[in-house]
Amino acid sequence: MCSSDGRPRDARTPRYDDPWYDVLASGWGESDVTQAPDAAPPAAADVYLEVQRSAAFQEVRSRYRRFALPAAAGFLSWYVAYVVTATTAPDLMARPVAGAVNVAMLAGLGQFLTTFLLTWAYTRHARLRRDRAALELRWDTQELTRGTKGGVA
């Protein structure tokens, strides 16, 4: 067997004429562009602080807060109202609605229903108003920090 330069090759030595050798030897995420030695890449902490201060990040956070805080407050107040009513007004909760179904059972099932509705509303809100912007921020952050880790993502 001969290598690409015509010299005989031993079976135990690696093949350097393999087209995949350079790809495997270079590693994942290494950049082909070399940076100037005088340009020091920014520290990862600086990159994250810069992204955190950006208007896009603040917008994603405010959209999250505008949904999550009222939703959590509404759900917790509904839950506390259920517990308080169950302990302070047992006669009201025991009032039959249809057959063996009483007000307490309907309110308890309402707790499950509102949990599922709130989960659906949260995922819909995230998908429509936050996910795309958050993903763009993630990619921007990864691009900025790529230089801080020696070219390996």
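Residues numbered from 1 in each chain as written. Predicted model: local features only at pLDDT ≥ 70, side-chain atom pairs only at ≥ 80, totals over all residues. Heavy atoms only, no water.

## Regarding the overall build of the protein chain
As a reminder of what qualifies: Here a strand is any run of E in DSSP of at least two residues, a helix any run of H or I of at least four, and the numbering for each starts at the N terminus. Only protein chains enter the accessibility calculation, which uses a 1.4 Å probe; a residue whose area is less than 20% of its type maximum is buried, one above 50% is exposed, and one in between is partly exposed. Note on contacts: a residue pair is in contact if any heavy atoms of the two residues lie within 4.5 Å. Surface accessibility follows the Shrake-Rupley procedure with a 1.4 Å probe radius. Residue values consider only the protein chains on display as shielding.
A count of helical and extended segments in the protein chain gives 6 helices and 2 strands. Here the protein chain holds 153 residues, and the buried ones make up 14% of them. The contacts in the protein chain between residues at least 6 apart in sequence include a share of 61% that link residues at least 24 apart. Accessible surface computed for the protein chain: about 12000 Å², of which carbon and sulfur atoms make up 63%.

## Side note on the packing of aromatic side chains
As a reminder of what qualifies: Think of it this way: a Phe, Tyr or Trp ring, Trp meaning its six-membered ring, pairs with another when their centres are within 6.5 Å, and the plane angle makes it stacked under 30 degrees, edge-to-face over 60, tilted otherwise.
Summed over all chains, the structure comprises 1 aromatic pair. Judged by centre distance (5.9 Å) and plane angle (50°), the ring pair of F67 and Y122 falls under tilted. Of the two residues, F67 is situated in helix α3 (residues 55–88) and Y122 in helix α5 (residues 103–129); the sequence distance between them amounts to 55 residues. Judged by its relative accessible area of 18%, F67 falls in the buried class.

## Topic: α3
Operational definition: Expected span, for any helix, means 1.5 Å times one less than how many residues it has.
When the terminal C-alpha atoms of α3 are compared, their 48 Å separation across 34 residues agrees well with the 50 Å that a helix rising 1.5 Å per residue should span. Among the residues of α3, V60, S62, F67, A68 and A71 are the ones counted as buried. On its buried face, α3 sits against α5 and α6 (131–146).

## Some details on the packing of α3 against α5
Two packed helices can be described by the angle between their axes and the distance between those axes. Stated precisely, the cut-off is as follows: Interaxial angles span 0 to 180 degrees and are taken between N-to-C directions of axes, which are lines fitted to C-alpha atoms, for helices over the stretch in contact. Any angle that falls under 35 degrees is termed roughly parallel, while one over 145 is termed roughly antiparallel, one within 65 to 115 roughly perpendicular, and all others oblique. Residues were grouped as follows: Ala, Val, Leu, Ile, Met, Phe, Trp, Tyr, Cys and Pro as nonpolar; Asp, Glu, Lys and Arg as charged; and all remaining residues, including Gly, as polar.
The contact between α3 and α5 brings their axes to 11 Å, and the two run at 175°. Between α3 and α5, the angle is such that the two are roughly antiparallel. Side by side, α3 and α5 meet where R63, Y64, F67, A71, F75, W78, Y79 and Y82 of the first sit next to A104, A107, G108, G110, Q111, T114, T115, L118, A121, Y122, H125 and R129 of the second. Each residue belonging to the contact of α3 with α5 can be placed in one class, and the counts come to 12 nonpolar, 6 polar and 2 charged.

## A look at the pattern of salt bridges
When the charged atoms of two side chains with opposite charge come close together, those side chains can pair. For the record, the criterion: Salt bridges are defined by distance alone: a side-chain nitrogen of Lys or Arg within 4 Å of a carboxyl oxygen of Asp or Glu.
Per the counting criterion, the structure on display carries 2 salt bridges. The residue E59 makes a salt bridge to R63 at a minimum N-O spacing of 2.9 Å. You can see E59 and its partner R63 sitting in helix α3, 4 residues apart, about one turn around the helix. The exposure class assigned to R63 is partly exposed, which follows from its relative accessible area of 28%.

## So, the confidence of the model for the protein chain
Put simply, the test is: Confidence of the predictor at the level of single residues is given by pLDDT, which spans 0 to 100.
The pLDDT averaged across the protein chain works out to 79; a share of 68% of its residues lies at or above 70. Across the protein chain, α5 holds the top mean pLDDT of 94, while helix α1 (residues 21–26) sits lowest at 50.

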